[in-house]
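Residues per chain, in single letters:
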Amino acid sequence: MYQGRAPATGLVAVAIAHALALFVAVAVGLNNSGGHVNPAVTLGVLLGGRISLLRSFYYWVAQLLGAIMACLLLRLATDGMRPVGFTVGAGVGELHALLLEIILTFGLVYTVYATAIDPKRGSLGTIAPLAIGFIVGANILVGGPFDGASMNPARAFGPALVGWRWHHHWIYWVGPFAGAALAALIYEYLLIPAEAPHPHQPLAPEDY
């Protein structure tokens, strides 16, 4: 993650790297799994009734395992260096960091709904991975110096477990989940008309 004492050029590099990596990750997984790489996004899609609870559970397990494996490989490649993980910046209160995570994740999940889920999206759906990557990069530029701008519980959990650094860790679960839930409920039930066709086939009863 970005620590607030790094130069501004370091923050820009981190934001661009995250934006490009997420763009690719969502693009390659979009046709098969919906491009789910974030437990908060999965929660939002679940609350909107777009996937089943069972599928959400599978996604959450895969996301957490992926984060752990990535951090283990990083620790191996760096000769045993402990991942720094996410923490609240100096002078930033826990409640302020929590509010920031809620706002940033709200923007992320709102973007996911607008570009990848909304039945009215039309040709806008083709740029969904790019838009999702861009909003994450922009959010890192905004929130990086204050709390790291996680927006993703898996991205916070992997470094915390491998590096065994748990200070303020609860913020990176509660904040993203709250922000994702708010964005999903608002977009799904206020902005998508009730008569709009559902983009997915009805799920079989056994999926619930």
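As a starting point, this report considers the structure included with it. Keep in mind the model is a prediction, meaning the values are calculated, not measured.

Right, let's talk about the overall build of the protein chain for a bit. On a plain count of helices and strands, the protein chain comes out with seven helices and zero strands. Listing every helix and strand of the protein chain by position from the N terminus yields α-α-α-α-α-α-α. The burial tally for the protein chain puts 43% of its 208 residues in the buried class. Residue pairs in contact within the protein chain that sit at least 24 positions apart in sequence constitute 77% of those at least 6 positions apart. By element, 71% of the accessible surface of the protein chain is carried by carbon and sulfur atoms, the whole surface being about 10700 Å².

This part is about helix α2 (residues 39-47). Counting buried residues in α2 gives eight out of nine residues, a clear majority hidden from the surface. When α2 is considered as a whole, its buried residues turn out to be Pro39, Ala40, Val41, Thr42, Leu43, Gly44, Val45 and Leu46. Its buried side turned inward, α2 meets α3 (53-77), α4 (94-117), α6 (153-163) and α7 (171-191). Capping the start of α2, Asn38 holds a side-chain oxygen 2.8 Å from the backbone nitrogen of Ala40, two or three residues further along. Of the residues one or two after α2, Gly49 is the one with positive phi, at around 75°.

Where α2 contacts α4, the axes come no closer than 10 Å and their chain directions differ by 55°. Accordingly, the angle class assigned to the pair α2 and α4 is oblique. Relative to α4, the crossing made by α2 is right-handed. Together, Ala40, Val41, Gly44 and Val45 of α2 and Thr105, Leu108, Val109, Val112, Tyr113 and Ile117 of α4 make up the contact between the two elements. The residue inventory of the contact of α2 with α4, partitioned by class, reads eight nonpolar, two polar and no charged.

Position of Leu43 relative to the elements: it lies in helix α2. Taking the C-alpha atoms as reference points, Leu43 and Val109, separated by 66 residues in sequence, lie 9.8 Å from one another. Other than its neighbours up to four places away in sequence, Leu43 contacts Trp60 and Phe177.

Within the structure shown, the criterion is met by one cavity of 30 Å³ or more. Approximately 40 Å³ is the volume found for the largest cavity. If you go around the largest cavity, the residues you meet are Val84, Gly85, Phe86, Ala156, Ala160, Arg165, His169 and Tyr172. The residue inventory of the lining of the largest cavity, partitioned by class, reads five nonpolar, two polar and one charged.

Enumeration over the complete set of coordinates arrives at nine aromatic pairs. Judged by centre distance (6.4 Å) and plane angle (55°), the ring pair of Phe57 and Tyr58 falls under tilted. The interplanar angle of 70° and the centroid separation of 5.8 Å between the aromatic rings of Trp173 and Phe177 together place this pair among those described as edge-to-face. Taken together, the residues span about one helical turn, with Trp173 and Phe177 both in helix α7 at a distance of four residues. On the accessibility criterion, Trp173 (24% relative accessible area) is partly exposed. Under the relative-accessibility criterion, Phe177 is labelled partly exposed at 24%.

What counts and how
- Residues numbered from 1 in each chain as written.
- Predicted model: local features only at pLDDT ≥ 70, side-chain atom pairs only at ≥ 80, totals over all residues.
- Heavy atoms only, no water.
- Helix = DSSP H or I, 4+ residues; strand = E, 2+ residues; numbered from the N terminus.
- Buried < 20%, exposed > 50% of the residue type's maximum accessible area, 1.4 Å probe, protein only.
- Contact = heavy atoms within 4.5 Å.
- Areas by Shrake-Rupley, 256 points an atom, 1.4 Å probe, with all protein chains shown as cover.
- Polar contact = N/O pair within 3.5 Å; in protein donor to acceptor, adjacent residues only side chain to side chain.
- Axes fitted to C-alpha atoms, helices over the stretch in contact; angles between N-to-C directions.
- Parallel < 35°, antiparallel > 145°, perpendicular 65-115°, else oblique.
- Left-handed = near helix turned anticlockwise from the far one by under 90°.
- Nonpolar A, V, L, I, M, F, W, Y, C, P; charged D, E, K, R; others polar.
- 1 Å grid on protein atoms, 1.4 Å probe; cavity = no way out; pocket = protein on both sides within 12 Å on 5 of 7 lines; lining within 4 Å.
- Points joined across faces, edges and corners; volume = space filled by probe spheres on them.
- Phe/Tyr/Trp six-rings, centres within 6.5 Å; stacked < 30°, edge-to-face > 60°.

Read these as spatial facts, not as claims about activity.
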